[in-house]
Amino acid sequence: MDQFKRIQRLVLLLLLFATAAQAQNTMQALFAGNVKLTFLGVDFTRAKYVGAEGFTDPAAIQNQHIKSWNSLLVLEPKKFSLQKAFKITDESKYETNIDELSRVNGKVAVESNITDSPHTLTEGDVAKMVSAYKPQSTEGVGIVYIAENLNKTAEEFTAWVTFIDMSNRKVLHTERVVVKPGGFGFRNYWAGAIYKVNKAIESKYYKQWKKQFS
């Protein structure tokens, strides 16, 4: 009987530790520097490509460029890392890991999403998308850019910058960000948009979020 009670207490303690660990994955904990931030990459599964004249090779976008855009986050960390933007000085509290988004983006269908009219995702759409992620790590907070429109007509890139609790894939905060792409050549033009989102976080949104969640 005593052994059974000890096992019960051990199970209870483990549940309490697990609950406490999950409770730490909050925006408040992130901006206090208490949890790890993982940059997951850019999700193109619901993106629209606006202006047919700007997207003449959908097969190349689907099979080459989307992978390349996310790979740049890893291959060029000095340019695309969010560590500086979030004022993270502890190397163990930041990581870029695009493995799960590489899997997710394998389901992209570009040609059927080339259009002349932009669309708008909702917070509900974003929540549904990230709930299907299967990241290997469940530690800390993840950040992902949910691409909404690559709009060549208006020369705009719109994305939902989304923070998720890595332990349960629940959205902690999401915000629609609009930037102007830039760069020479097709790949660099839209890669420039991702860079501009990073810089917008560094120059504007970080301060707003820190104030909001501190």
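Here we summarise the structure given alongside this text. This is a predicted model, so every value here is computed, not measured.

The rules behind each value
Residues numbered from 1 in each chain as written. Predicted model: local features only at pLDDT ≥ 70, side-chain atom pairs only at ≥ 80, totals over all residues. Heavy atoms only, no water. Helix = DSSP H or I, 4+ residues; strand = E, 2+ residues; numbered from the N terminus. Expected span 1.5 Å × (residues − 1). Bend = angle between axes of the 7 residues up to and from the residue. Axes fitted to C-alpha atoms, helices over the stretch in contact; angles between N-to-C directions. Parallel < 35°, antiparallel > 145°, perpendicular 65-115°, else oblique. Left-handed = near helix turned anticlockwise from the far one by under 90°. Contact = heavy atoms within 4.5 Å. Phe/Tyr/Trp six-rings, centres within 6.5 Å; stacked < 30°, edge-to-face > 60°. Buried < 20%, exposed > 50% of the residue type's maximum accessible area, 1.4 Å probe, protein only.

### Some thoughts on helix α7 (residues 186-213)
An ideal rise of 1.5 Å per residue puts 40 Å on 28 residues; α7 measures up with 37 Å between its terminal C-alpha atoms. Approximately 55° is the largest bend angle found in α7, and it occurs at Tyr-205.

### Quick notes on the packing of helix α3 (residues 58-75) against α7
In the contact formed by α3 and α7, the axes pass within 10 Å of each other and the chain directions differ by 45°. Our classification of the angle between α3 and α7 gives oblique. For the pair α3 and α7, the sense of crossing is right-handed. Between α3, through Ile-61, His-65, Ser-68, Trp-69, Leu-72 and Leu-73, and α7, the contact on the second element is made entirely by Phe-186, Arg-187, Trp-190, Ala-191 and Ile-194.

### Side note on the packing of aromatic side chains
Evaluation of the coordinates by the stated rule reveals 16 aromatic pairs. Where Phe-39 meets Tyr-145, the ring centres are 5.1 Å apart and the plane angle is 50°; that geometry is what we call tilted. Of this pair, Phe-39 sits in strand β1 (residues 37-43) while Tyr-145 is found in strand β5 (residues 141-151), placing the two residues 106 residues apart along the sequence. When sorted by exposure, Phe-39 lands in the same class as Tyr-145, which is buried. Centroid distance Phe-55 to Phe-186: 6.1 Å. Interplanar angle 90°. Geometry classified as edge-to-face. Of this pair, Phe-55 sits in the loop between β2 (48-50) and α3 while Phe-186 sits in helix α7; the two residues are 131 residues apart in sequence, bridging distant segments of the chain. Owing to a relative accessible area of 26%, Phe-186 belongs among the partly exposed residues under this scheme. Aromatic rings pair up to connect Phe-31, Phe-86, Phe-163, Tyr-205, Tyr-206, Trp-209 and Phe-213 into one cluster.

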